[in-house]
Amino acid sequence: MLKLLRIILLALAMVLVFIVGTLICVLRPRHPNNVYVLGRLFNKACILVGLKVTFRGYEHVKGLQSAVYIANHQSNWDIIALTGAVMPRTVAIGKSSLFWIPLFGQLFWLSGNLLINRENKAKAASTIGTVVDKIRQRNMSIWMFPEGTRSKGKGLLPFKTGAFHIALQAQVPLVPIACSSYFGQVDLNRWDNGELIVEIMPPISVEGYEPKQIRELLKHSRRILSERIAELDLEARRP
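Please read all numbers here as calculations on a predicted model, not as lab measurements.

To continue, consider the pattern of salt bridges. Within this structure, the stated rule accounts for 7 salt bridges. Residue glutamate 235 is joined to arginine 56 by a salt bridge in which the shortest nitrogen-to-oxygen separation is 2.3 Å. Taken together, the positions of glutamate 235 in helix α7 (residues 214-235) and arginine 56 in strand β1 (residues 52-56) put the pair 179 residues apart, joining distant regions of the chain. Of the residues examined, glutamate 235 reaches a relative accessible area of 42% and is grouped as partly exposed. Between glutamate 199 and arginine 228 there is a salt bridge, with the nearest N and O atoms lying 2.8 Å from each other. With a gap of 29 residues between them, glutamate 199 in strand β7 (residues 195-200) and arginine 228 in helix α7 connect regions that are remote in the sequence.

Have a look at this one:
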């Protein structure tokens with residue numbers, strides 16, 4: 001009964017967010033703060049699933065104009081669990097196929113997020129160049145999941161290089177976003193689904209790195225993120 005009630009409430013909440021979000025995005029299409037506003041709205045849904053999310057580390061990015069945020073990607077619940085960490089003037093990069101998901105895909109694009117065709121390397125490289133130009137010209141930040149897909153409880157997956165190419169070309173820092181492991185933790189039939197800790201970590205400077213050192217930068221960033229996730233796992237309260 002509780003699960004059914006939550007599904008209904010979540011559906012109503014998502015419809016409301018889509019309506020409000022669409023109005024905002026129509027009034028100011030692809031504005032760089034749309035994603036920040038929508039993220040805060042989506043994050044409110046955590047209450048409906050009995051999930052407490054604690055955010056930390058906002059002070060680490062206070063005054064930071066542009067960055068590439070890199071977060072671990074665990075499940076579909078990330079859309080409500082992590083979005084409270086999205087900072088102003090930050091947009092995400094997603095697969096071009098996302099556009100065809102009814103309602104969500106169109107709102108994802110209209111809100112200002114960027115779509116990339118990963119299957120076509122030439123177009124992907126061109127998109128990275130466009131992203132770098134936007135960062136430089138509009139003081140924007142980018143949010144990416146460097147694993148490229150949901151880990152579904154398998155731990156931190158290998159990273160792809162896109163986020164690191166963007167950070168190097170734009171000469172902006174990488175900011176790891178560590179979220180404690182929670183895959184399988186959400187049970188809609190349970191009142192209390194425990195706690196997640198999402199931490200915005202100190203920026204990683206790309207100064208001094210050259211393109212040929214991209215793998216070194218990737219490994220360094222992944223190690224820092226992995227170690228912090230393990231620490232948060234020990235601290236987060238599970239149901």
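Alright, that's what it looks like, and here's the rest.
What follows concerns the packing of helix α6 (residues 162-170) against α7. As a packed pair, α6 and α7 sit with axes 10 Å apart at the nearest point and diverge in direction by 115°. Taken together, the axis directions place α6 and α7 in an arrangement best described as roughly perpendicular. As α6 packs across α7, the resulting crossing turns out to be right-handed. Packed against α6, whose contacting residues are Phe164, His165 and Leu168, the element α7 presents Ile214, Leu217, Leu218 and Ser221 at the interface. Along the lines of polarity and charge, the residues of the contact of α6 with α7 split into 5 nonpolar, 2 polar and no charged.

Turning to the packing of aromatic side chains, a few remarks are in order. Overall, the coordinates contain 8 aromatic pairs when judged by the stated rule. Considering the side-chain rings of tryptophan 143 and phenylalanine 145, the 6.2 Å spacing of their centres and the 80° angle between planes classify their relative orientation as edge-to-face. Through a chain of ring-to-ring contacts, three or more aromatic side chains come together here, namely Tyr69, Trp143 and Phe145. Its guanidinium or amino end placed over the ring of phenylalanine 159, arginine 222 lies 5.9 Å from that ring's centre, counting from NZ or CZ.

The next thing to look at is a nonpolar patch on the surface. On the surface, Met1, Leu4, Leu5, Ile8, Leu9 and Leu12 cluster together to form a nonpolar patch covering roughly 630 Å² of accessible area. If you trace the backbone, leucine 9 turns up in helix α1 (residues 2-27). By relative accessible area, which is 35% here, leucine 9 ends up partly exposed.

On to the environment of histidine 31, then. Within the secondary structure layout, histidine 31 lies in the loop between α1 and α2 (34-43). The partly exposed category is assigned to histidine 31, whose relative accessible area is 28%. Sequence-wise, histidine 31 and glycine 112 are 81 residues apart; in three dimensions their C-alpha atoms are separated by 5.8 Å.

Turning next to the sheet that holds β7. Within a sheet, adjacent strands bond to each other through the backbone by hydrogen bonds, running parallel or antiparallel. The mixed open sheet is built from 7 strands, whose spatial order is β1-β7-β6-β2-β5-β3-β4. Bordering the open sheet on either side are β1 and β4 (114-116), each of which pairs with just one other strand. If you compare each strand with its neighbour and ignore which way they point, the axes differ by 25° on average. Note: strand β3 (residues 90-95) against β4, 3 bridges, orientation parallel. When the bridges of β4 are listed, glycine 94 appears paired with leucine 115.

Parts of the prediction with low pLDDT should not have their coordinates interpreted in detail. The share of residues in the protein with pLDDT of 70 or more is 96%, and the mean pLDDT across the chain is 91. Highest mean pLDDT in the protein belongs to strand β6 (residues 174-179) (98); lowest belongs to helix α5 (residues 121-138) (76).

Before going further, it helps to spend a moment on unusual backbone geometry. If a residue is not glycine, its phi is most likely negative; likewise, a peptide bond is most likely trans. Phi is positive for arginine 89, which is not a glycine, with a value near 55°. Residue asparagine 139 is not a glycine yet carries a positive backbone phi of 50°. Along the polypeptide, asparagine 139 turns up in the loop between α5 and β5 (141-144).

By the element assignment, leucine 64 lies in the loop between β1 and β2 (68-71). A relative accessible area of 27% means that leucine 64 is categorised as partly exposed. Separated by 23 residues in sequence, leucine 64 and methionine 87 place their C-alpha atoms 10.0 Å apart. Apart from residues lying up to four places away in sequence, leucine 64 is in contact with Pro173, Val175 and Pro203.

About the criteria used
- Residues numbered from 1 in each chain as written.
- Predicted model: local features only at pLDDT ≥ 70, side-chain atom pairs only at ≥ 80, totals over all residues.
- Heavy atoms only, no water.
- Salt bridge = Lys/Arg side-chain N within 4 Å of Asp/Glu carboxyl O.
- Helix = DSSP H or I, 4+ residues; strand = E, 2+ residues; numbered from the N terminus.
- Buried < 20%, exposed > 50% of the residue type's maximum accessible area, 1.4 Å probe, protein only.
- Axes fitted to C-alpha atoms, helices over the stretch in contact; angles between N-to-C directions.
- Parallel < 35°, antiparallel > 145°, perpendicular 65-115°, else oblique.
- Left-handed = near helix turned anticlockwise from the far one by under 90°.
- Contact = heavy atoms within 4.5 Å.
- Nonpolar A, V, L, I, M, F, W, Y, C, P; charged D, E, K, R; others polar.
- Phe/Tyr/Trp six-rings, centres within 6.5 Å; stacked < 30°, edge-to-face > 60°.
- Lys NZ or Arg CZ within 6 Å of the ring centre and 35° of its normal.
- Patch = residues over 30% accessible without salt bridge, like charges linked within 9 Å, V, L, I, M, F, W, Y side chains within 5 Å.
- Areas by Shrake-Rupley, 256 points an atom, 1.4 Å probe, with all protein chains shown as cover.
- Pairing = 2+ DSSP bridges.
- pLDDT = per-residue confidence, 0-100.

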